[in-house]
Amino acid sequence: VIILCFRRYLLMTLTSCVFWNTFGFSPAVDSKPNILLFLADDLGIGDIGCYGNNSIRTPNIDHLAREGVKLTQHIAAALVCTPSRAAFLTGRYPIRSGMASSNRYRTLQWNAGPGGLPANETTFARLLKQQGYSTGLIGKWHQGVNCESFNDHCHHPLNHGFDYFYGMPLTLRNNCQKNKPPELDAALQAKLWLYSQIISLAVLTLTAGKLTGLISICWKIIACFTFVGSLFFTYWYSSYGFVQYWNCILMRNHDVTEQPMRLDRTALLMLKEAISFIKRNRYGPFLLFVSFLHVHTPLFTTAKFLGKSRHGLYGDNVEEMDWMWVRKILDFLDQEGLKNHTFTYFASDHGGHLEAQNGSAQLGGWNGIYKGGKGMGGWEGGIRVPGIFRWPGVLPAGTVIDEPTSLMDIYPTVVHLAGGILPSDRVIDGRNLVPLLQGRAQKSEHEFLFHYCGSYLHAVRWHQKDSGAIWKAHYVTPIFSPPGAGACYDRGFCPCFGEGVTHHHPPLLFDLSQDPSEAKPLLADTEPLFNTVIRKIEKAIEEHRRTLTPVPEQLSVSNVVWKPWLQPCCGTFPFCWCDKEGDSTQTL
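Residues numbered from 1 in each chain as written. Predicted model: local features only at pLDDT ≥ 70, side-chain atom pairs only at ≥ 80, totals over all residues. Heavy atoms only, no water.

### Quick look at the overall build of the protein
Then, number 1: Across its full length, the protein holds 15 helices and 18 strands.
Then, number 2: Taken over the C-alpha trace, the protein has a radius of gyration of 26 Å; the compact-globule value for 588 residues is 25 Å, and the two agree within 12%.
Then, number 3: Along the first, second and third principal axes, the C-alpha atoms of the protein reach 110 × 65 × 50 Å.
Then, number 4: Expressed as a percentage of the 588 residues in the protein, the buried residues total 57%.
Then, number 5: For the protein, long-range pairs separated by at least 24 residues make up 74% of all intrachain contacts whose partners lie at least 6 apart in sequence.
Then, number 6: Carbon and sulfur atoms form 58% of the exposed surface of the protein, whose accessible area is close to 24,800 Å². (Helix = DSSP H or I, 4+ residues; strand = E, 2+ residues; numbered from the N terminus. Rg over C-alpha atoms; globule rule 2.2 N^0.38 Å. Buried < 20%, exposed > 50% of the residue type's maximum accessible area, 1.4 Å probe, protein only. Contact = heavy atoms within 4.5 Å. Areas by Shrake-Rupley, 256 points an atom, 1.4 Å probe, with all protein chains shown as cover.)

Written out as structure tokens, the structure is:
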């Protein structure tokens with residue numbers, strides 16, 4: 001019996017050693033760590049202390065960086081929320097899944113639109129669930145809800161591998177807070193109001209002319225004008241006039257729990273849900289994706305943090321995020337004894353929104369030394385984001401890595417940690433970061449990164465590993481307005497195509513290793529490698545485009561307009577109103 005037990009112990013030990021050597025970890029590390037992913041919304045890389053900000057206080061994010069690994073060249077795959085998050089969830093450029101737009105609508109606009117992350121896309125949540133993980137998403141989704149009816153939930157998180165969802169199926173906008181100027185299609189709404197007024201004035205003029213005998217027209221024509229005008233007004237106002245009810249909702253799994261949501265308690269409700277998820281699954285393994293509503297406009301901030309920062313409402317909101325979310329959740333992990341068993345990640349979905357302003361007050365983030373911001377083609381300020389990892393005892397503390405990495409890398413990284421296998425029937429653009437994070441690899445696996453604006457390729461980055469140079473070629477750049485302003489303040493958002501962009505022949509070329517601010521484009525006359533670099537990049541573009549296959553465009557105009565039969569509703573449409581949360585924040 002003793003000999004048999006010894007043989008069994010020896011066999012288990014040898015098997016364990018083979019497993020850990022295969023995965024590159026020491027035998028002391030848990031085979032399947034808990035995975036905690038923090039993703040901020042619209043946070044600029046220059047808004048955090050550990051990335052150089054000395055006026056907005058982010059002590060908890062800074063502490064996370066000191067205990068782990070900080071990436072200085074962490075790149076978003078898209079410049080706005082919906083496509084960037086699609087790439088994050090799938091490890092693939094958004095153009096591969098149809099989540100890249102060829103029109104001016106670059107994100108999902110309504111809960112009641114049929115566009116969204118296709119059901120045939122495989123998220124990391126689905127793969128981790130197959131490996132025995134409990135998977136949860138708390139916060140913002142912005143990947144669609146329904147396809148053909150108000151409750152088919154074809155794009156819902158629970159249809160993409162998450163066991164539990166509590167949060168906002170769309171995104172915050174000014175429309176979600178009373179007394180704020182409308183943000184959703186503000187320019188279009190102004191035009192619709194104007195057209196409605198013109199139609200009303202025409203009807204009144206015709207009616208007055210008929211009654212006074214000045215205009216010879218039959219009443220049927222006036223009635224027809226009146227009917228068409230009323231129909232036009234009813235259709236557009238039934239959507240844009242009630243944005244708060246249609247878009248600003250909270251869901252728990254498949255059920256709408258608040259419609260409209262109450263912003264004064266939303267953050268506390270979500271924090272409570274995140275902590276409850278960890279508590280329910282503390283014996284693991286679990287995947288928790290905490291997708292912040294912070295720091296997107298309207299920047300609703302609780303009274304405890306209002307007026308406390310040196311950067312107005314935006315700074316208040318950043319500091320609240322650092323304390324309310326990062327500190328509280330990490331403290332709870334520590335309290336439950338899970339800190340050393342949890343792989344933690346913090347990032348932003350893209351750069352700060354420079355054009356977000358209210359008069360002279362800046363309501364968007366700061367992107368440090370990097371040019372541009374959210375929505376601005378391939379400029380660094382819109383795509384270079386914070387990237388912080390912590391896993392005590394496994395990842396070396398206090399490490400800084402300057403190699404190019406991508407938000408898409410999280411997909412293969414967490415699948416690797418969970419012992420899963422990547423799909424073999426599709427291109428995965430992300431790369432496993434574990435060797436780089438542990439110091440077993442010195443170079444990023446990325447040679448080229450492609451920077452899209454919608455479905456339009458604006459720039460390409462080439463990591464020349466033998467020299468250490470980071471070349472970047474811009475083929476298209478937005479035209480800043482007013483000229484030289486560094487953003488599209490006159491438009492409110494930089495376009496991807498049309499008259500608002502400049503096409504460069506030859507492309508603008510920068511060496512980011514020497515000029516990270518993209519201040520001085522290199523010239524063919526003065527840069528000996530100019531033509532060689534451009535030829536190399538253009539060959540990479542050709543090879544990249546050969547890997548693309550046509551897919552339905554999820555962000556087409558027909559997929560992003562409001563369709564009432566797709567509207568999530570907690571009552572009988574159109575009477576959608578409910579508050580199922582009560583005073584549940586009092587128990588937090």
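The discussion continues.
### Some words on the pairing of strand 11 (residues 384-390)
Then, number 1: The buried fraction of strand 11 amounts to seven of the seven residues, a majority that puts the element mostly inside the structure.
Then, number 2: Relative to strand 11, strand 2 (residues 69-75) runs antiparallel, the two being bridged by five bridges. In the sheet register, Leu71 faces strand 11, and the bridge partner there is Gly387.
Then, number 3: Pairing analysis gives four bridges linking strand 8 (residues 342-348) to strand 11, with the strands arranged antiparallel. Its bridge partner being in strand 11, Ala347 is matched across the sheet by Gly387. (Pairing = 2+ DSSP bridges.)

### Things to note about the side chain of Lys140
Then, number 1: Mapped onto the elements, Lys140 comes out in strand 3 (residues 134-140).
Then, number 2: Accessibility expressed as a relative area gives 1% for Lys140, which makes it buried.
Then, number 3: Of the polar contacts made by the side chain of Lys140, one reaches the side chain of Asp41; its length is 2.8 Å.
Then, number 4: In terms of polar contacts, Lys140 uses its side chain to reach the side chain of Thr171, at 2.9 Å.
Then, number 5: For Lys140, the residues in contact, after removing those within four places along its chain, are Asp41, Cys81, Arg85, Met168, Leu170, Thr171, Ser291, Phe292, Leu293, His296 and Asp349. (Polar contact = N/O pair within 3.5 Å; in protein donor to acceptor, adjacent residues only side chain to side chain.)

### Focus: the state of the cysteines
Then, number 1: Taken as a whole, this structure holds six disulfides when the rule is applied.
Then, number 2: At a sulfur-sulfur separation of 1.9 Å, the disulfide partner of Cys488 is Cys494. Linking Cys488 and Cys494, the disulfide has an S-S dihedral of approximately 100° and is accordingly described as right-handed.
Then, number 3: We classify Cys494 as buried; its relative accessible area is 1%.
Then, number 4: The disulfide partner of Cys569 is Cys576, and the S-S distance across this bridge is 2.0 Å. Judged by the sign of its S-S torsion, about -110°, the bond between Cys569 and Cys576 is left-handed.
Then, number 5: Under the relative-accessibility criterion, Cys569 is labelled buried at 15%. (Disulfide = S-S within 2.5 Å.)

### Observations concerning the UniProt feature "domain: Sulfatase N-terminal" (unreviewed entry) in the protein
Then, number 1: The UniProt feature table records "domain: Sulfatase N-terminal" (unreviewed entry) at residues 33-419.
Then, number 2: Each end of residues 33-419 is marked by a C-alpha atom, and these two atoms are 10 Å apart; helix forms 35% of the span and strand 16%. (UniProt positions renumbered as here; feature names shortened; annotations may be inferred.)

### Some thoughts on the environment of Gln438
Then, number 1: Within the element layout of this structure, Gln438 appears in helix 13 (residues 434-438).
Then, number 2: Sequence separation between Gln438 and Val394 is 44 residues; the distance between their C-alpha atoms is 7.1 Å.
Then, number 3: A polar side-chain atom of Gln438 sits 2.9 Å from a polar atom in the side chain of Arg440.

### What about the environment of Asn253?
Then, number 1: For Asn253, the location among the structural elements is in the loop between strand 5 (250-252) and strand 6 (255-259).
Then, number 2: Not counting residues up to four positions away in its chain, the partners in contact with Asn253 are His156, Leu158, Asp163, Tyr164 and Phe165.

### Quick look at a negative patch on the surface
Then, number 1: Together, Glu447, Glu538, Glu542 and Glu543 line one region of the surface with negative charge.
Then, number 2: Assignment of secondary structure puts Glu543 in helix 14 (residues 530-546). (Patch = residues over 30% accessible without salt bridge, like charges linked within 9 Å, V, L, I, M, F, W, Y side chains within 5 Å. Salt bridge = Lys/Arg side-chain N within 4 Å of Asp/Glu carboxyl O. Lys, Arg positive; Asp, Glu negative; His and termini not counted. Charge placed at Lys NZ, Arg CZ, Asp CG, Glu CD.)

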